[in-house]
Amino acid sequence: MTSRMWGGRFAEGPDAIMEEINASIDFDRDLFRQDIAASKAHARMLAACGIIEADLADKIDAGLDTILREIEAGAFTFTRELEDIHTHVEARLTELIGPEAGRLHTARSRNDQVATDFRLFIRDAIDGLDDGLRDLQQALAEKALEHAGTVMPGFTHLQTAQPVTFGHHLMAYVEMMARDRGRFADARKRLNESPLGSAALAGTSFPIDREMTAKALRFDRPTANSLDAVSDRDFAIETLAAASLTAVHLSRFAEEIVIWSSAGFGFIRLSDRFTTGSSIMPQKRNPDAAELVRAKSGRIIGALTALLIVLKGLPLAYQKDMQEDKEQAFDALESLELAIAATAGMVRDMEPDKAAMRKAAGAAFSTATDLADWLVQALGLTFRQAHEVTGRIVRLAEERRVPLHRLGLAEMRAVEPRITEAVYGRLGVSQSVNSRTSFGGTAPQNVRREARRWLKRLGKDQAGLR
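Residues numbered from 1 in each chain as written. Predicted model: local features only at pLDDT ≥ 70, side-chain atom pairs only at ≥ 80, totals over all residues. Heavy atoms only, no water.

What follows covers the overall build of the protein chain. For the protein chain, the count of helices and strands is 18 helices and six strands. In terms of overall dimensions, the protein chain has C-alpha extents of about 100 × 50 × 40 Å along its principal axes. Going through the 466 residues of the protein chain one by one, you find that 49% of them count as buried. Considering only contacts in the protein chain between residues 6 or more positions apart, those separated by 24 or more positions represent 75%. Here the protein chain has roughly 22100 Å² of accessible surface; of this, 52% comes from carbon and sulfur atoms. Taking the average location of the 61 positive side-chain charges in the protein chain and that of its 66 negative ones, the two points are 9 Å from each other. (Helix = DSSP H or I, 4+ residues; strand = E, 2+ residues; numbered from the N terminus. Buried < 20%, exposed > 50% of the residue type's maximum accessible area, 1.4 Å probe, protein only. Contact = heavy atoms within 4.5 Å. Areas by Shrake-Rupley, 256 points an atom, 1.4 Å probe, with all protein chains shown as cover. Lys, Arg positive; Asp, Glu negative; His and termini not counted. Charge placed at Lys NZ, Arg CZ, Asp CG, Glu CD.)

Okay, here's the thing in C-alpha cells:
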C-alpha cells in the first residue's frame, strides 16, 4: 500500500517543493484527538450497519486507542512524507492491525473527515474559552463588589467627565464578556452539525447511519447537504469573529490598565507577578502583561481577515486553499485563551490607590453636572438654563482656581441669586456617585446589587455551554 491516500494514480512522487507546500502535519497534528474520536465513531457505525465486521471494528478501536496514547505520551513519530494527521493515523493503524485498517476509510473522504475534525476542535475551543471568560467575569465581579464605593473619575474623550466608582467601571467589562460568551454560544449552536458521511462531496452509496455518528460525537444532527458540509468554514469564521470582538474588549481593558498604572495616573498597582523591569532603568515597573494582551488582538483579528480572504473566491466544493483554514485559527484561539487568563490574573492582582482615584475624581469640575441637576430639581430651571448657569459658575471657579465645592456661596449667587447652601450637599464626589441611583447607574448600592447578581449567576454557570 502506498503511504499516501492518493498515491495509486501517480507514477512519480511529488517534488520536494510540492511536499513542502502540501504538508499540513506541522499544524494539523493538533487535531489528533478529534481525528481519532471521529474515526472510532465511524468504525462503530460501519460495524452497526454491516459494512465491516464487528471484530474488525473492535481491532480498529483498540488500535486507535493505542495511537492516542502514543501521541499523548510524545512517542509517536510525525513525518512530512505523510502529509496530514489523517494519513498518519491510518498508516500507524495499518502497522498495528494490518492492511484491514484501510477499511476504516470506507464511506468517508478526507474532505468530510477534516471538516468533522475541525468542527470538533472549534467546539472544544469554544468550551474552553467560555470557561475562561466565566472566570474573568467572576474576577471582575468580585473586585467590583470589593470596590463598589471606591470613587474614581469617569472619562469621555479621556477627559475627566463625572465621578463613578471603580466597581461600576469593572462591571462594564462583565457586561461585555457576557455578550462575548453569547456570541460564542451562538456560534457553537450553528456549528454543531456533523459532516461525517458526506464523503468527498456527493455523499456515499454505502448504507451508512449518519445519525449514529452525529450522536456519538455529540453533534445535534448531521449536515443536510454534502456539498455544503465539506466546503463550509462559516463555523470557523464566526468563531474567529467572536474571538476578534472579545480580543478588542480585552485590548480596551488592557489599555486602561496601562494608563491607570502609569505614573501620571497612579490609580492601580500591579505586583511583580504581572510586570517586568527595564534593562537600563532600575525604577521601572512595566505593565507588560497588559501590553501583550493589547497586542494579541492584532493576531486574532488578522486570523479572521486571513480566513475571509482565503474563502472569498472558492467555488464548491472542497479546494486545497482550505488547508489554510487551521494554522492561524489555532494560533488565534490559543492566543485568546492566554489573553483571557492573563487578564483575569491582572484583575485579581491589581490594587487600586483609593486616595489617588478620589483626588482625580474631584478634579476638572467633575461635579458640574450635579450642580446643573440641582438647579433643575431645587430651583425649577430648565436643563438648558441650568447648563448656562453652571457654565458661568465653572468659569468663575476656574478664574478663582478653586474646585466647585470651594467656591463661596456669594460668588455663586452673583450668577444665580436663588442658590442656597443646600447646593454644597451635591458637589462632593461621594454625593455625586451616591445620587446616581437610576437603573444601570454608578451608585454603590447599584454596583453591589449587580455584582452579587452576577456572582450568583456565574456560580450556577460552572458547566458553561455544555
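On to the packing of aromatic side chains. Following the criterion strictly, the structure yields nine aromatic pairs and no others. Taking 5.4 Å as the distance between ring centres and 70° as the angle between the ring planes, the aromatic pair formed by F118 and F235 counts as edge-to-face. Of this pair, F118 sits in helix α6 (residues 110-146) while F235 is found in helix α10 (residues 234-260), placing the two residues 117 residues apart along the sequence. Under the relative-accessibility criterion, F118 is labelled buried at 0%. Seen from their ring centres, F253 and W260 are 6.3 Å apart, and the 80° between their planes marks the pair as edge-to-face. Taking the relative accessible area as the measure of exposure, F253 reaches 3% and is therefore buried. Here W260 falls in the buried class, since its relative accessible area comes to 2%. Aromatic rings pair up to connect F118, F121, F235 and F330 into one cluster. R29 extends its terminal NZ or CZ atom over the ring of F78, reaching a point 4.2 Å from the ring centre. (Phe/Tyr/Trp six-rings, centres within 6.5 Å; stacked < 30°, edge-to-face > 60°. Lys NZ or Arg CZ within 6 Å of the ring centre and 35° of its normal.)

To continue, consider the pattern of salt bridges. Scanning the model with the defined rule gives 30 salt bridges in all. The salt bridge involving R221 is made with E193; its shortest N-O contact spans 3.3 Å. Highlighted residues: R221 in strand β4 (residues 221-222) and E193 in strand β3 (residues 193-194), separated in sequence by 28 residues. Overall, R221 belongs to the partly exposed group, its relative accessible area being 39%. (Salt bridge = Lys/Arg side-chain N within 4 Å of Asp/Glu carboxyl O.)

Axes are the key here: two packed helices are described by the angle between their axes and the distance separating the axes. Running from N to C, α6 and helix α18 (residues 444-459) point in directions that differ by 150°, and their axes come no closer than 9 Å. In terms of their interaxial angle, α6 and α18 are classed as roughly antiparallel. Our pair here, α6 against α18, has a crossing hand that is left-handed. Counting all contacts with α6, which are made through R134, Q137, Q138, A141, E142, A144 and L145, the residues of α18 involved are V447, R448, A451, R452, W454, L455 and L458. (Axes fitted to C-alpha atoms, helices over the stretch in contact; angles between N-to-C directions. Parallel < 35°, antiparallel > 145°, perpendicular 65-115°, else oblique. Left-handed = near helix turned anticlockwise from the far one by under 90°.)

Core analysis: the largest hydrophobic core is formed by 92 residues, its most contacted members being I60, F253 and L336. If one sorts the elements of this core by residue count, α10 sits on top with 14 residues. In contact with F253, other than residues within four places in its own chain, are L140, L170, Y173, W260, T343, V347 and M350. One finds L379, A386, M412 and L427 within the second-largest nonpolar core, a separate group that totals 21 residues. (Core = buried A, V, L, I, M, F, W, Y, C linked by side-chain atoms within 4.5 Å.)

Moving on to the packing of α10 against helix α12 (residues 327-349). The contact between α10 and α12 brings their axes to 10 Å, and the two run at 35°. The hand of the α10/α12 crossing is left-handed. Facing T239, L240, A243, T246, A247, L250, F253 and I257 of α10, the residues of α12 in contact are A329, A332, L333, L336, A339, I340, T343, M346 and V347. Here the contact of α10 with α12 is composed, by residue class, of 14 nonpolar, three polar and no charged. (Nonpolar A, V, L, I, M, F, W, Y, C, P; charged D, E, K, R; others polar.)

For the rest of this paragraph, the subject is a nonpolar patch on the surface. A contiguous nonpolar patch, built from L201, L227 and L316 and spanning about 270 Å² of accessible area, is present on the exposed surface. With respect to the helices, strands and loops of the structure, L227 is situated in helix α9 (residues 226-231). (Patch = residues over 30% accessible without salt bridge, like charges linked within 9 Å, V, L, I, M, F, W, Y side chains within 5 Å.)

The subject of this paragraph is unusual backbone geometry. With an omega of 5°, the peptide bond between L316 and A317 qualifies as cis. Summarising the element assignment, A317 is placed in the loop between α11 (288-311) and α12. Phi at H157 takes a positive value of approximately 60°, unusual for a residue other than glycine. Tracing the backbone through its elements, the reader meets H157 in the loop between β1 (151-156) and β2 (159-165). Despite not being glycine, A364 has its phi angle at roughly 60°, a positive value. When you line up the elements, A364 lands in the loop between α13 (354-361) and α14 (368-379).

This paragraph deals with the pairing of β1. Summarising the sheet, β1 and β2 pair through six bridges and their orientation is antiparallel. Its bridge partner lying in β2, F155 is registered against T160. Following β1, the chain reverses through two residues before pairing antiparallel with β2; H157 in that reversal takes a positive phi of roughly 60°. (Pairing = 2+ DSSP bridges.)

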